[in-house]
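Per-entry structural report
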Amino acid sequence: MVCWTHIFKKQGPVNYKPKKEINVGYGIQPPPAYKPEMREAFAKKVSPWNGKPHILFLSRIHPKKGVDLLIKAYLKLEQELKHLPQLVIAGPGLDEEYGIVMQNLAAASKNILFPGMLKGDAKWGAFYESEVFILPSHQENFGIAVVEALACSKPVLISNKVNIWREIETKNGGIVKQDTEDETYNLLKEWLTFSKSQKLEMSNNAFKVYETYFTVAKAAQQFLSGINYA
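These remarks concern the structure in this document. Bear in mind that the values here come from a model prediction, so they are computed numbers and not experimental data.

1. Quick word on the packing of aromatic side chains
- Throughout the structure, instances matching the rule amount to eight aromatic pairs.
- Between Phe-142 and Phe-214 the ring centres are 5.9 Å apart and the planes differ by 70 degrees, which places this aromatic pair in the edge-to-face class. Linking Phe-142 in the loop between β6 (130-135) and α5 (144-151) with Phe-214 in the loop between α8 (196-213) and α9 (216-229), this pair joins segments that are 72 residues apart in sequence.
- For Phe-214, a relative accessible area of 4% puts it in the buried group.
- Where Phe-207 meets Tyr-210, the ring centres are 5.9 Å apart and the plane angle is 50 degrees; that geometry is what we call tilted. With Phe-207 and Tyr-210 both in helix α8, this residue pair falls three residues apart, about one helical turn.
- Exposure remark for Phe-207: the relative accessible area of 29% places this residue in the partly exposed category.
- Relative accessible area serves as the criterion here: at 4%, Tyr-210 is assigned to the buried category.
- An aromatic cluster of at least three residues, connected via ring pairs, comprises Trp-124, Phe-127 and Phe-133.
- The cationic tip of Lys-123 hangs over the ring face of Trp-124; the distance from NZ or CZ to the ring centre is 4.7 Å.

Conventions we followed
- Residues numbered from 1 in each chain as written.
- Predicted model: local features only at pLDDT ≥ 70, side-chain atom pairs only at ≥ 80, totals over all residues.
- Heavy atoms only, no water.
- Phe/Tyr/Trp six-rings, centres within 6.5 Å; stacked < 30°, edge-to-face > 60°.
- Helix = DSSP H or I, 4+ residues; strand = E, 2+ residues; numbered from the N terminus.
- Buried < 20%, exposed > 50% of the residue type's maximum accessible area, 1.4 Å probe, protein only.
- Lys NZ or Arg CZ within 6 Å of the ring centre and 35° of its normal.

Right, dumping it as structure tokens:
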């Protein structure tokens, strides 16, 4: 990942203070190409998975990430809509107090799955086999998993506290709402009520967001422009 840089000016023999700070953006390497082993690894790690496209949350199980908002929204929608996709909440933190509370909250549904942290083929299988990625976070400087989802052509459902929401909203690569319980519900419901053509269009747009803003090449260009400007 490429992040930001400082232009430094020497201030005495040992102290260096930034002359100017330049935010040049972020970028990630493209994900590995899909292969059947990814699906198999994911299915092995998430045995209750029904083999159909799911809703994916992949991040730490932490209060900052809005997991409680997501679970409450899903439980409410489960009472209103038929045949909801399964919700996979993947990430570390299940053994911590908040993680335990979240699993207890989700116990009312058999369709909310907690596989723990996913790595390698299982992680990429989680992305590629999903229909949409969701992160109703209360604060996110960048959100690597959000961009990984975009790079896999998966639309993202995010709060406007994820700091790249403007790029995503501008290019229609996902849906953006406030980080509240009601708005997280609206975030999910809007996606679930989309037609197949709307979902396909947003999936295509998702990859375009990645190509336009978040490749390593794009971040490098911004880095060089920032240095030249400075």
